[in-house]
Each structure stands twice: as structure tokens, then as C-alpha cells.
Amino acid sequence: FPSQLLAGPIIKATLIISLFLFGLRPTLILCFVPSTIALLSGILPVIIAPIVPFIMASNVIYVVIINLSKKISENSSLSYCSGIIFASFAKFLFLFLSFYLVTNLFIEGSVSQKIISMFSWTQLFTAVTGGVIAYFFLKLFKNNNFSD
């Protein structure tokens, strides 16, 4: 859980930076990498394997919404922030509902509740925090598509 609070924002920031630097298609591929590595390396417990595709899908949702926000906005810092907030809530809601359904079907009682709590509000926090980190990184290196 504590490692998720550190790794999560870094992963989300990396996805956003990739989106701004390389575009949507390469970033969509990148969306599948962190969960795959975490599962194969044992960072994620095997019991969580059935929900890994939902984690991957939530990363895709997150990136696609930020990309849409980037395209339809006036490329301002305010639109970036609103895109991050909307994408973070969409990611959180998708994961919460998916995990709730899947864990209640496949995993018993208290373990199910622990997994749901591990991947619910923390996902919202890591998504928003990753957006903030990416914002400052992109501002610092002037590789962004927004201006103040």
C-alpha cells in the first residue's frame, strides 16, 4: 500500500509526460506495461491477477480523457487541470466499480474489501498527484502544449 502511494503518481506522471511528448498511440501501449511488470515480478499478489486488465483499462481511460481534454481545450493550464481532475475521477470510478464487481465474484469477504480499499481512493490520489507532477515536469522542460 505505501509503495502504491509512491509508484502510482510516478506511473501516472510518466503516462501524461509520454502523452505530451510522444502522442496517444505510444502512450496507449505504455498503459499496459506497469501492471504487467508488477504482476510478473510479484509486486502485485497473484490473487489480484483477475483485476489487472481493469487496471490497464483504467490507465487507457485516464490517458484518452487527458488527450481529449488537450485536443478540445484552448491549451491552457486551467484546461489541463480540469482534464486531469476529470480523467482521475473517471479512472477512480471505473476501477472502483470494476473491482467491486470482480472481487465480490471471485474473492472472499475481508480480502475483497482490502483489495477494494487498496485500489479505490488511492487510485484517485495517485492519478491527481501524477497529473500535478507531470504538469510541473512539462512546465520545467517547456515541452508542453499549454500556456498560461
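Computed from a predicted structure; not experimentally measured.

## Let's talk about the overall build of the protein chain
Phase 1 of the analysis: When you go through the protein chain residue by residue, the secondary structure sums to seven helices and zero strands.
Phase 2 of the analysis: Starting at the N terminus and walking to the C terminus, you meet the elements of the protein chain as α-α-α-α-α-α-α.
Phase 3 of the analysis: Taken over 148 residues, the protein chain has a buried fraction of 44%.
Phase 4 of the analysis: A fraction of 73% describes how many contacts in the protein chain between residues 6 or more apart in sequence connect residues 24 or more apart.
Phase 5 of the analysis: When the accessible surface of the protein chain is totalled, it reaches about 8,000 Å², and 76% of it is carbon and sulfur.

## Structural notes on a nonpolar patch on the surface
Phase 1 of the analysis: Together, Leu21, Phe22, Phe137, Leu140 and Phe141 line one region of the surface with nonpolar side chains, adding up to about 530 Å² of accessible area.
Phase 2 of the analysis: When contributions to the nonpolar patch are tallied by element, the ones reaching two or more residues are α1 (2–22) and α7 (121–141).
Phase 3 of the analysis: Considering each element in turn, the nonpolar patch owes the most residues, three residues, to α7.
Phase 4 of the analysis: Inspection of the secondary structure puts phenylalanine 137 in helix α7.
Phase 5 of the analysis: Owing to a relative accessible area of 33%, phenylalanine 137 belongs among the partly exposed residues under this scheme.

## Looking at the nonpolar core
When a protein is soluble and globular, its nonpolar side chains tend to lie buried together.
Phase 1 of the analysis: Counting residues in hydrophobic clusters, the biggest one holds 18 residues, and the most contacted among them are Ile16, Phe20, Tyr62, Ile66, Tyr80, Ile84 and Ala134.
Phase 2 of the analysis: Only α1, α4 (52–72), α5 (77–106) and α7 provide two or more residues apiece to this core.
Phase 3 of the analysis: In terms of residues, this core owes the most to one element, α1, which gives six residues.
Phase 4 of the analysis: Ala38, Leu44, Ile51 and Ile55 belong to the second largest nonpolar core, which has 10 residues in total.

## Some details on the packing of aromatic side chains
Remark: the centre distance and the inter-plane angle together describe each pair of aromatic rings, the angle taken between the planes.
Phase 1 of the analysis: Under the defined criterion, the tally for this structure stands at eight aromatic pairs.
Phase 2 of the analysis: Between tyrosine 80 and tyrosine 135 the ring centres are 5.3 Å apart and the planes differ by 40 degrees, which places this aromatic pair in the tilted class. Placement of tyrosine 80 in helix α5 and of tyrosine 135 in helix α7 is noted, with a sequence separation of 55 residues between them. For the pair formed by tyrosine 80 and tyrosine 135, the shared burial category is buried.

## Points about the packing of α4 against α5
Phase 1 of the analysis: At a closest axis distance of 8 Å, the pairing of α4 and α5 adopts a crossing angle of 160 degrees. One way to sum up the angle between α4 and α5 is to call them roughly antiparallel. Where α4 crosses over α5, the handedness of that crossing is right-handed.
Phase 2 of the analysis: When the residues that make up the contact of α4 with α5 are grouped by side-chain class, the tally is 15 nonpolar, seven polar and one charged.

## Here's the deal with the confidence of the model for the protein chain
Phase 1 of the analysis: For the protein chain, mean pLDDT is 86; residues scoring 70 or higher make up 84% of the total.
Phase 2 of the analysis: Mean pLDDT values over the elements of the protein chain span from 67, in helix α6 (residues 109–118), up to 97, in helix α2 (residues 24–30).

## Re the environment of leucine 124
Phase 1 of the analysis: Mapping leucine 124 onto the fold places it in helix α7.
Phase 2 of the analysis: The exposure class of leucine 124 is buried, given its relative accessible area of 11%.
Phase 3 of the analysis: Once the C-alpha coordinates of leucine 124 and alanine 90 are considered, the two residues, 34 residues apart in sequence, prove to be 9.0 Å apart.
Phase 4 of the analysis: Those residues in contact with leucine 124 that sit more than four places away from it in its chain are Ser88, Phe89 and Phe92.

Rules and cut-offs
Residues numbered from 1 in each chain as written. Predicted model: local features only at pLDDT ≥ 70, side-chain atom pairs only at ≥ 80, totals over all residues. Heavy atoms only, no water. Helix = DSSP H or I, 4+ residues; strand = E, 2+ residues; numbered from the N terminus. Buried < 20%, exposed > 50% of the residue type's maximum accessible area, 1.4 Å probe, protein only. Contact = heavy atoms within 4.5 Å. Areas by Shrake-Rupley, 256 points an atom, 1.4 Å probe, with all protein chains shown as cover. Patch = residues over 30% accessible without salt bridge, like charges linked within 9 Å, V, L, I, M, F, W, Y side chains within 5 Å. Salt bridge = Lys/Arg side-chain N within 4 Å of Asp/Glu carboxyl O. Core = buried A, V, L, I, M, F, W, Y, C linked by side-chain atoms within 4.5 Å. Phe/Tyr/Trp six-rings, centres within 6.5 Å; stacked < 30°, edge-to-face > 60°. Axes fitted to C-alpha atoms, helices over the stretch in contact; angles between N-to-C directions. Parallel < 35°, antiparallel > 145°, perpendicular 65-115°, else oblique. Left-handed = near helix turned anticlockwise from the far one by under 90°. Nonpolar A, V, L, I, M, F, W, Y, C, P; charged D, E, K, R; others polar. pLDDT = per-residue confidence, 0-100.

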